[in-house]
Every structure is written in C-alpha cells, then in structure tokens.
Amino acid sequence: MSEKEQAVSEFKSKSGLRRIFSAFFYSIDGFRSAWKNEHAFRQELVLVIIGVIIALVLPVSAFEKLMMIAVLVLILVVELINSAIEAVVDRVSLERHTLSKNAKDFGSAAVLLTFLIAVATWVVILMDRFYY
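Residues numbered from 1 in each chain as written. Predicted model: local features only at pLDDT ≥ 70, side-chain atom pairs only at ≥ 80, totals over all residues. Heavy atoms only, no water.

Peer 1: Explanation requested: the nonpolar core in the structure shown.
Peer 2: For soluble globular proteins, nonpolar side chains are generally found buried alongside one another. If you look at the biggest cluster of nonpolar residues, it comprises 15 residues, and the most contacted ones within it are Ala 55, Leu 58, Val 60, Met 68, Leu 72 and Trp 122. Within the residue set of this core, elements represented by two or more residues are helix H2 (39-57), helix H3 (62-92) and helix H4 (98-131). Looking at this core element by element, the count peaks at six residues for H3. (Core = buried A, V, L, I, M, F, W, Y, C linked by side-chain atoms within 4.5 Å. Buried < 20%, exposed > 50% of the residue type's maximum accessible area, 1.4 Å probe, protein only. Helix = DSSP H or I, 4+ residues; strand = E, 2+ residues; numbered from the N terminus.)

Peer 1: Sorry, what's going on with the side chain of Asn 82 here?
Peer 2: When you line up the elements, Asn 82 lands in helix H3. Other than its neighbours up to four places away in sequence, Asn 82 contacts Lys 104, Gly 107, Ser 108 and Val 111. (Contact = heavy atoms within 4.5 Å.)

Peer 1: Is there a simple way to explain the packing of H2 against H3 in this structure?
Peer 2: For the pair H2 and H3, the least separation of the axes is 9 Å and the interaxial angle reads 175°. The orientation of H2 with respect to H3, classified from their angle, is roughly antiparallel. Residue-level contacts link Ala 40, Phe 41, Glu 44, Leu 45, Val 48, Gly 51, Val 52, Ala 55, Leu 56 and Val 57 of H2 to Lys 65, Met 68, Ile 69, Leu 72, Ile 75, Leu 76, Glu 79 and Leu 80 of H3. In terms of residue class, the contact of H2 with H3 is made up of 14 nonpolar, one polar and three charged. (Axes fitted to C-alpha atoms, helices over the stretch in contact; angles between N-to-C directions. Parallel < 35°, antiparallel > 145°, perpendicular 65-115°, else oblique. Nonpolar A, V, L, I, M, F, W, Y, C, P; charged D, E, K, R; others polar.)

What follows is the structure, encoded as structure tokens:
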C-alpha cells in the first residue's frame, strides 16, 4: 500500500443518503447499547431528563434555558465518548496496563470536568436570576 492509499473499513459506507440513514441507525444502536451496558450513562440520563424538565419550567430566558439544557446534554456526549474509549481499551486487552488506566482515567476526568461546567452554568444562571 502506498503512502497515499489508505485502508478503508468494509463497514464504512461511502455515499449519500444511504450513509446518512446508516449513521442514524448506528447512533440508535449506540444509545441502546449505552442504556443497556453503561450504568453511568443511565444515571446521567435520568439526571439530564430531570434537569431538562426543571430548566423548561424555570422563569429564565430562552437562551438561559438553552444553555442549562446544553450543558446537561454535553455530559451525555462526553460520557458516550468515555464509554467508547473504555470499550476500545478493553477490546485491545483486559490486562492491567498503565496506558490503559491512563486512557480510562482521562475519559473519566473529561466527564468530571463537563459535570463541573454544567454545575457552574446552572449556579451562575440561578444566582443571577434569584439572588442579584
């Protein structure tokens, strides 16, 4: 294989509308798998649903509602990426290794930082609305 040629997965679709439909159904499969296999995802999804309901009924601006909901959804996005990292690490080897631990810990740290951003966003919006 020359430098310009690149290996392409047989699972990767190549064109148009079919690719979009395939991607959509792969995403649905991803959500199902996360719900079935990832405890953290289920717990966070329940918190996100509760948070979205609260954000929608709070007397804040539409933009503030959007930000409050967006940071909650961001937690799920990062959790899915973290779960993907963990799955790849486990697929490569279940043997304990420093690099495997680092990869999993980095993913976990990303989820924590996202959670802290969500908390800070909610605190700033609620403090501004109710205490200033």
